[in-house]
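# Structure at a glance
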Amino acid sequence: MIKLSGNKLFRYLSVLLFLNSVTLPIKSSSDLAAWAIKANGILELRTKSNANLKAYFQKANQIYGDRFWVDFQGELKNPRTIKGNGPIKEIRLGKPKNGKTRLVVEFNEETYLNPLTWRMVGLDQNRWKIKLFNPQNSFEKIGEGLVKNRRDNIKANQKSIYKKKTDYDYLKLPEVKRNKFSVVIDPGHGGPDPGAIGIRGIRETDIVLEVSKIVANLLSKKGVKVFLTRKNEVDLALPPRVSFANNIDSDIFVSIHANASRGKRRDINGLETFYFRGWRGRLLAKRIQEQILRVSPGSPDRGVKQGRYYVIKNTRMPAVLVEIGFLTGRLDARRLEKRSHRKRLAYAITKGILEYLKKVG
Ligand SMILES: [Zn+2]
């Protein structure tokens, strides 16, 4: 079924229209339960039983690339944006209007698509699939939740329960040689510079100072010599943070920050870790990023990246700058406000540091 709007450039292709008699109350929770785009280019959805789905395709315009989206009944709790890879630019889960959920897949410019051949196939009462593209290069699976039914994949389900349990093993930290390593932890900002200000006024300086102190405490319990560049709300410029680390010649330098998005967009959340140079810096960033992601389920992985921040560029040892979430993001801010989550993040950062020291040191 093809719908044409007044402007013919905007061509909607209703990939399939499911109609049935079930009408849900407007304010019910989202019919979308889980989704995944597999490495073979197939999007799989799990919904409530007999859900009403509508799927559309729109060609690229000046603002957006080619987009495919599916509308569901019911509202999401956390609208969010998830970074894509390969042919997919990003996935957006949003609320086009009250009582509705929209899953948008936006493609990168160079992706070749053939939407005329697309068919959404119902696998059973609550599962659907549609082939969106043929992966030319590598594409890494993206998704949230378990798309398989419990009854038809008990093994996968057991695995996920097992995984959930082990997510809490963050409390177990690896052992390293005692009194061998020294680490500088740098809580970002401070004093008159509060850093990012987030939803409900939460301040970066407070959050990162607390997390840094817990990290320092955990590391010293493992026999690591730890130095904090600041221990309270003082105004500390960037050069002394760097020269301090360079003077004591610490093994590594870890600067802890929290993010804010331009325009304070609440749909932007996620974690990222920067390094400036060298495989050691990169490895340290990777280890920390892996661990902080584990304690922040659903928050997007913005990756390990090279960054030219002053403190990581001018320190002489492997140095990273970790962004533990967006204070302006709906999902991240709600978490960062909780002490329990800040503690989990501190454990995660500590674990990443210890894993690095164990491997390299
Ligand atoms: Zn910052």
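Up top is the structure these notes are about.
What comes next is a walk through the structure.

## Re the coordination of the zinc ion
Summarising the metal site, the zinc ion is bound by the protein donors His189 (NE2), Glu204 (OE) and His257 (ND1), whose distances to it range over 2.1 to 2.2 Å. Taken in chain order, the donor set of the zinc ion reads H-x14-E-x52-H. Here the residue Glu204 occupies a position in helix α2 (residues 204-221), and His257 occupies one in strand β15 (residues 252-259), the gap between them amounting to 53 residues. The same class applies to Glu204 and to His257, which are both buried.

## With respect to the packing of aromatic side chains
Each aromatic ring pair is described using two quantities: the centre-to-centre distance and the angle formed by the ring planes. Under the criterion given, the structure shown has 8 aromatic pairs. On the basis of an interplanar angle of 80 degrees and a centroid distance of 6.4 Å, the ring pair of Phe107 and Phe133 is categorised as edge-to-face. Remark: Phe133 occurs in the loop between β11 (127-131) and β12 (142-144) and Phe107 occurs in strand β9 (residues 100-107); sequence separation between them is 26 residues. Residue class for Phe107 comes out buried when judged on its relative accessible area of 1%. Taking relative accessible area as the criterion, Phe133 reaches 4% and is therefore assigned buried. Aromatic pair Phe227 and Phe244: ring centres 5.9 Å apart, planes at 75 degrees, arrangement edge-to-face. Of this pair, Phe227 sits in strand β14 (residues 225-228) while Phe244 sits in helix α3 (residues 238-248); the two residues are 17 residues apart in sequence, bridging distant segments of the chain. Under the relative-accessibility criterion, Phe227 is labelled partly exposed at 25%. Put simply, the rings of Phe57, Phe68, Phe107, Trp118, Phe133 and Phe139 pair up and form one aromatic cluster.

## Examining the environment of Met317
Within the element layout of this structure, Met317 appears in the loop between α5 (310-313) and β18 (319-326). Met317 sits in the buried class, given a relative accessible area of 7%. Distance from Met317 to Arg280, taken between C-alpha atoms, is 8.9 Å for residues 37 residues apart in sequence. Look past the residues within four positions of Met317 in its chain and what remains in contact with it is Ala245, Asn246, Asp249, Ser250, Asp251, Ile252 and Phe253.

## Structural notes on the sheet that holds strand β13 (residues 182-187)
In spatial order, the strands read β14-β13-β15-β18-β16-β17; together these 6 strands make up an open sheet with mixed pairing. Only two strands of the sheet have a single partner each, and these edge strands are β14 and β17 (301-306). The mean angle between the axes of side-by-side strands here comes to 20 degrees, regardless of whether they run parallel or antiparallel. Seen against the sheet, α3 touches β13, β14 and β15 and runs at an angle of roughly 175 degrees to β13. Where helix α7 (residues 339-360) meets the sheet, its contacts fall on β13, β15 and β18, and the angle it forms with β15 comes to roughly 155 degrees.

## Section: the pattern of salt bridges
On inspection of all chains with the given rule, the structure shows 20 salt bridges. A salt bridge links Arg339 to Glu210; the nearest nitrogen and oxygen atoms lie 2.4 Å apart. One end of the pair, Arg339, is in helix α7; the other, Glu210, is in helix α2, and 129 residues separate them in sequence. A relative accessible area of 47% places Arg339 in the partly exposed class.

Definitions and limits used
Residues numbered from 1 in each chain as written. Predicted model: local features only at pLDDT ≥ 70, side-chain atom pairs only at ≥ 80, totals over all residues. Heavy atoms only, no water. Donors = N, O, S within 2.8 Å, 3.2 Å for Na, K, Ca; no water. Helix = DSSP H or I, 4+ residues; strand = E, 2+ residues; numbered from the N terminus. Buried < 20%, exposed > 50% of the residue type's maximum accessible area, 1.4 Å probe, protein only. Phe/Tyr/Trp six-rings, centres within 6.5 Å; stacked < 30°, edge-to-face > 60°. Contact = heavy atoms within 4.5 Å. Pairing = 2+ DSSP bridges. Axes fitted to C-alpha atoms, helices over the stretch in contact; angles between N-to-C directions. Salt bridge = Lys/Arg side-chain N within 4 Å of Asp/Glu carboxyl O.

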